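Overview (structure and organization)
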Amino acid sequence: MGFVRVRGAREHNLRGVDVEFPRDELVVVTGVSGSGKSSLAFGTVYAEAQRRYLESVSPYARRLLNQVGAPKVDEITGLPPAVALGQQRAVPGSRSSVGTVTTLSNLLRMLYSRAGDYPPEAPRVDSDAFSPNTPAGACPECQGQGLLHRVTEESLVPDPSLSIRDRAIAAWPGAWLGKNFRDILVTLGYDVDRPWSQLSQQDRDWILFTDEQPVVTVHPEREVGRIQRPYQGRYQSAERYVLHTFATSKSLPIRQRMRRFLRTSPCPVCQGRRLRPSSLAVAYAGLSIADMAALPLRDLGGVLRDRPPTEGPAATIVPDLLARIDLLVELGLGYLSVDRATPTLSAGELQRLRLATQLRSGLFGVVYVLDEPSAGLHPADTEPLLTLLARLRAAGNSLLLVEHDLQVIRTAAWLIDVGPGAGGHGGEVLYSGPVDGLAAVEGSATARFLFGSQSVVDTPPRKPSGWLELSGVDRHNLRDLTAAFPLGVFTAVTGVSGSGKSTLVSQVLADVVAASLRSDTDEADVAEDDDSLEESVDASVGVTAAGVEQLDRLVRVDQRPIGRTPRSNLATYTGLFDAVRKVFAGTPLAKERGYTAGRFSFNVAGGRCETCQGEGFVAVELLFLPGTYQPCPTCRGARYNAETLEVTYRDRTIADVLDLTVDDAAEFLADVPAAARSLRVLRDVGLGYLHLGQPATELSGGEAQRIKLAAELQRGRRGRTLYLLDEPTTGLHPADVEVLTRQLHGLVDQGHTVIVVEHDLAVIAGADWVLDLGPGGGSDGGRIVAAGPPAEVATAPGSRTAPYLAAYLAAR
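As annotated in an unreviewed UniProt entry, the chain is UvrABC system protein A from Hamadaea flava. The Subcellular location (unreviewed entry) comment attached to the chain in UniProt states, word for word, "Cytoplasm".

This is how it looks when you write it as structure tokens:
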């Protein structure tokens, strides 16, 4: 009874898998990306544990829980209750923070409510008054955001030498609506032909910021060939237009355009501290709750220890706070503050916060199923993670990890290797037993890296074609930093979590180059797929740059989703579906019926199934059970109507093609050049196992990033391009890392520059140049500790990366 035994697992690509693993041990599941690891650990083991638990819960309570569905498996025996800690796919809201994830915020609010020092005659209030997320505590001016998003005259009118007729008010739309606003101003008596700078300040303020919305009879200026009759026109200020459009428009490009005219600044009432003045007036240990929450956790613990409570509520609350803080500091997260916004955390930081919360829960006798807990961690940060996992196991729990990190795999008591390949080429258990036994398994992609020599993509040393230098960098924990990046080579930016890597590369460097390209050309190829106000602050402000003129393009390849709905998928994002639809439109039956390529789109009326609107599934609302989805009863998940599905190409319908994997589609569409090129590149970046129609919402961050890279690689590359990637190897098996790294080095060989933020030692060791930040995280980081070729950085004193890199290079 000391083993969990799985019989006949058939979830996703698993082929009737039989496997067993010991309880009360650290067990890792390995294999290349897409081999079936998560299908075994989460889709089968965790899903069955949850199903059994839910059988004991009332139907009414069941509907309140997030159910994963019953797995396709014959039998599982010896299975204890399970807790799943997967990678956080959804981006948390801006109000989520370290304190809300760890419950530290709740304890701090209780401390101030029960034991705080109140001003004379101020009544005691409950803990809600110390939360910026409640009406009782939020600053009334900024609604608890700490920031105000406003427009200014400078943002609305970037060139005051222009007249209104010449589009001085850049925020106004073009076409008829912009002309309408101009004609209304003419009717109201304003001069639209004088340069903006020559209008009186009173007129400029009214045009841009008035709350009035006068309705006037407009006699539009006559245009050649058009008869325009008088009409009733309503005026709205440029400020009202921008704020209303940003808040209500469903169009991402329009929202992105409006965001350019917004300026973000700290709230003048709360000075960015998010709370009401009455809440900020309450102190503990001489600090307001906002000041306390802004301290790094290690300093917060020190403040609380300096004032040990002897009685009252604080005597109960403070020890609990310190126990939670000490655990986070032990995990290497002491540089974080309670008020640090969750969206600014890396996946690894967020994973460790959630793990620490589980350790404090005191559960025992359960199976913890974890999805790559080492993802996004520097080798130095992996050690405290292993300590935490050991403590969870010592508390009487079992650990089942989906993992790629060799450092973690070697510490396991039991290893399950799934493969040999991905998708239809995987789904088999190649080995299950102690780690050392994998060495004898032929065909295991994991064994080669675990027991062979260390893998590095070797390229001849490259010399920089130039340098890009930044100075005066002052953002987050980077303080008056000067950094130099070589051009025409492969650069890895390294350092422990929180050292400032992403701030320097993904924010400052990216914004500096983007700003330069926008000023030099109207055709800056800068990826913009976000419209959130949180990211509207330009990180290039105040930074001096030299050498940017040596670049023609910037491509940022991040891990944001490629789409926000299931309608977006790999085929639509890369554009290869356009080629597929044209192929079907060119078949004899399609021509006979007059079907165009549009007929084969599941996003527009005509060819799609109207019952499910091309989704392929319908929502089913159940009275006492949670709402669920099931295949559309009309098209049975095919997305198209019956007439469209009568058209076939080589005996396959358009729905059949969407169901193909990239590997299978590459053979099927080998003679369709536009599709074949996209499919070849997708295979080159290691995504051959994905289905063409797989919804974007089901893709991991690493998969989304590689799809973006593939979309870029298939284009005709022009000019000198700078590619910026933030941890592109996250979630990748070492074999997949090799494939991806070759592609990135191929870009450098073609004359481009690649800069990656990276923890993977194989990638770092194969780079031309390494820029190491640190030495620690938060206030202990933000400095360049070492810079140079990998061999030089490996000997740098004071570098947390150096000893791990030196050991890796020595093992080659």
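**Observations regarding the pairing of strand E16 (residues 466–475)**
Sheet topology note: the E16/strand E17 (residues 478–487) ladder contains 7 bridges and is antiparallel. The residue bridging valine 473 from the neighbouring strand is leucine 481, located in E17. Between E16 and E17, which follow one another and run antiparallel, lie 2 residues, and histidine 476 among them has a positive phi close to 50°. One ladder, built from 3 bridges, connects E16 with strand E19 (residues 544–546); its direction is antiparallel. Paired with serine 471 across the two strands is threonine 544, which belongs to E19.

**Quick look at the packing of aromatic side chains**
By convention here, two paired aromatic rings are described through the distance between centres and the angle between planes. What the rule picks out here adds up to 17 aromatic pairs. Ring geometry for phenylalanine 181 versus tyrosine 241: centroids 6.1 Å apart, planes at 75°, classification edge-to-face. Here phenylalanine 181 is found in helix H6 (residues 175–188), whereas its partner tyrosine 241 is found in helix H8 (residues 238–248), with 60 residues between them in sequence. Phenylalanine 181 gets classed as buried once you look at its relative accessible area, which sits at 1%. With a relative accessible area of 10%, tyrosine 241 lands in the buried category. Plain terms: the ring middles of tryptophan 206 and tyrosine 235 are 5.3 Å apart, the flat faces sit at 15° to each other, and that makes the pair stacked. Here the residue tryptophan 206 occupies a position in helix H7 (residues 201–209), and tyrosine 235 occupies one in the loop between strand E8 (231–234) and H8, the gap between them amounting to 29 residues. According to the relative accessible area criterion, tryptophan 206 is buried, its value standing at 18%.

**Regarding the nonpolar core**
With 150 residues, the main nonpolar core has Leu111, Tyr284, Met292, Leu304, Leu692, Leu744 and Val754 as its most contacted residues. Element by element, the count of residues in this core is highest for helix H13 (residues 314–330), at 8 residues. Apart from the residues within four sequence positions on either side, methionine 292 is in contact with Leu108, Tyr112, Tyr284, Leu287, Leu300, Val303 and Leu304.

**A closer look at helix H20 (residues 576–585)**
Across the 10 residues that make up H20, a large majority, 8, are buried. Residues of H20 that are buried: Leu576, Phe577, Ala579, Val580, Arg581, Val583, Phe584 and Ala585. Looking at the buried side of H20, the elements it contacts are helix H19 (570–574), helix H21 (588–593), helix H23 (654–658) and helix H25 (673–684).

**Looking at H7**
Of all the positions in H7, only Arg204, Trp206, Ile207 and Leu208 are classed as buried. Along its buried surface, H7 packs onto helix H5 (153–156), H6 and H8.

**Re empty space enclosed by the protein**
Applying the stated criterion across every chain, the model contains 1 cavity of 30 Å³ or more. Of the pockets and cavities examined, the largest cavity occupies roughly 50 Å³. Lining the largest cavity we find Thr102, Arg324, Leu327, Leu328, Ala356, Thr357 and Arg360. Among the elements of the structure, H13 and helix H14 (347–361) are those that each provide at least two residues to the lining of the largest cavity. For the lining of the largest cavity, the class distribution of residues is 3 nonpolar, 2 polar and 2 charged.

**Some points on the sheet that holds strand E23 (residues 721–726)**
Read across the open sheet, the 6 strands follow the order E20-E23-E24-E18-E25-E26; overall the sheet is mixed. Two strands in the sheet have a free side with no partner beyond their single neighbour: strand E20 (553–557) and strand E26 (783–788). Pairs of neighbouring strands in the sheet enclose a mean axial angle of 15°, with direction left out of account. Pairing geometry for strand E18 (residues 490–494) and strand E24 (residues 753–757), over 4 bridges, is parallel. Pairing of threonine 491 across the sheet is with isoleucine 755, part of E24. Each of E18, E23 and E24 touches helix H27 (residues 734–749); the most contacted strand, E24, lies at about 145° to it.

**Some words on the sheet that holds strand E5 (residues 82–85)**
Taken in spatial order, the 6 strands of this open sheet run E5-E12-E13-E3-E14-E15, and their pairing is mixed. With partners counted over all chains shown, the strands left at the sheet margins are E5 and strand E15 (428–433), one partner each. Going across the sheet, the axis of each strand differs from the next one's by a mean of 15°, ignoring polarity. Where strand E12 (residues 367–371) meets strand E13 (residues 398–402), 5 bridges bridge the pair, whose relative direction is parallel. Of the residues in E13, the one forming a bridge with leucine 370 is leucine 401.

**Re the side chain of histidine 752**
Residue position: histidine 752 is located in the loop between H27 and E24. A residue is classified by how much of its surface remains accessible, and histidine 752, at 4% relative accessible area, is buried. Of the polar contacts made by the side chain of histidine 752, one reaches the backbone nitrogen of threonine 721; its length is 3.2 Å.

**Side note on the packing of helix H12 (residues 297–306) against H13**
Relative placement of two packed helices is described by the angle separating their axes and the distance separating the axes. Interhelical geometry of H12 versus H13 gives an angle of 150° and a closest axis separation of 9 Å. In terms of their interaxial angle, H12 and H13 are classed as roughly antiparallel. Where H12 crosses over H13, the handedness of that crossing is left-handed. Across the interface between the two elements, Leu297, Arg298, Leu300, Gly301, Leu304 and Arg305 from H12 touch Val318, Leu321, Leu322, Ile325, Asp326, Leu328 and Val329 from H13. Class assignment for the residues of the contact of H12 with H13 results in 9 nonpolar, 1 polar and 3 charged.

**Let's talk about the pattern of salt bridges**
A pair can form between side chains of opposite charge whenever their charged atoms are brought close. Under the defined criterion, the tally for this structure stands at 31 salt bridges. In this structure, aspartate 552 and arginine 720 form a salt bridge, with 3.2 Å as the shortest nitrogen-oxygen distance. Here arginine 720 lies in the loop between helix H26 (701–713) and E23 and aspartate 552 lies in the loop between E19 and E20, a separation of 168 residues in the sequence. Note on arginine 720: relative accessible area 39%, which makes it partly exposed. A salt bridge links arginine 553 to glutamate 712; its shortest N-O distance comes to 3.4 Å. Highlighted residues: arginine 553 in strand E20 and glutamate 712 in helix H26, separated in sequence by 159 residues. In terms of burial, arginine 553 and glutamate 712 fall into one category: buried. Bridged by salt links that share partners, the residues Glu48, Arg51, Arg52 and Glu55 form one connected network.

What counts and how
- Sequence order as written defines the numbering, with residues in each chain counted from 1.
- Local features in this predicted model are restricted to residues of pLDDT 70 or higher, and side-chain atom pairs are both shown and tallied only at a pLDDT of 80 or more, whereas totals for entire chains, interfaces and linings draw on every residue.
- For the side-chain quantities, the full set of heavy atoms in the structure was used; hydrogens and water were omitted.
- UniProt positions are given in the numbering used here, feature names are shortened, and annotations may be inferred rather than shown by experiment.
- The criterion for strand pairing is that DSSP finds at least two bridges linking the strands in question.
- Going along the chain from the N terminus, every DSSP run of H or I of four or more residues is numbered as a helix, and every run of E of two or more is numbered as a strand.
- Here the aromatic set is Phe, Tyr and Trp, taking the six-membered ring for Trp, and pairing holds for ring centres within 6.5 Å; pairs whose planes are under 30 degrees apart are stacked, those over 60 apart are edge-to-face, and all others are tilted.
- Relative accessibility decides the category of a residue: with a 1.4 Å probe and only protein chains considered, values under 20% of the type maximum give buried, values over 50% give exposed, and everything between is partly exposed.
- Buried residues of nine kinds, namely Ala, Val, Leu, Ile, Met, Phe, Trp, Tyr and Cys, make up a nonpolar core once their side-chain atoms join them within 4.5 Å.
- Only heavy atoms enter the contact rule, under which two residues are in contact if any of them lie within 4.5 Å.
- With a 1 Å grid laid over protein atoms only, a set of points is called a cavity when a 1.4 Å probe fits there but cannot get out and a pocket when it is open yet has protein on both sides within 12 Å along at least five of seven lines; lining residues have an atom within 4 Å of a point.
- Grid points are joined across faces, edges and corners, and a volume is the space filled by probe spheres set on the points.
- Residue type decides the class: Asp, Glu, Lys and Arg count as charged, Ala, Val, Leu, Ile, Met, Phe, Trp, Tyr, Cys and Pro as nonpolar, and the leftover types, Gly among them, as polar.
- Interaxial angles span 0 to 180 degrees and are taken between N-to-C directions of axes, which are lines fitted to C-alpha atoms, for helices over the stretch in contact.
- Any pair of N or O atoms that falls within 3.5 Å is considered a polar contact. Within protein, one atom must be able to donate a hydrogen and the other to accept it, and sequence-neighbouring residues count only if both atoms are side-chain atoms.
- With respect to orientation, any angle under 35 degrees is reported as roughly parallel, any angle over 145 as roughly antiparallel, any angle of 65 to 115 as roughly perpendicular, and every other angle as oblique.
- Each crossing gets its hand from how the near helix is turned against the far one by less than a right angle, where anticlockwise is left-handed and clockwise is right-handed.
- By definition here, a salt bridge exists when the distance from a side-chain nitrogen of Lys or Arg to a carboxyl oxygen of Asp or Glu is within 4 Å.

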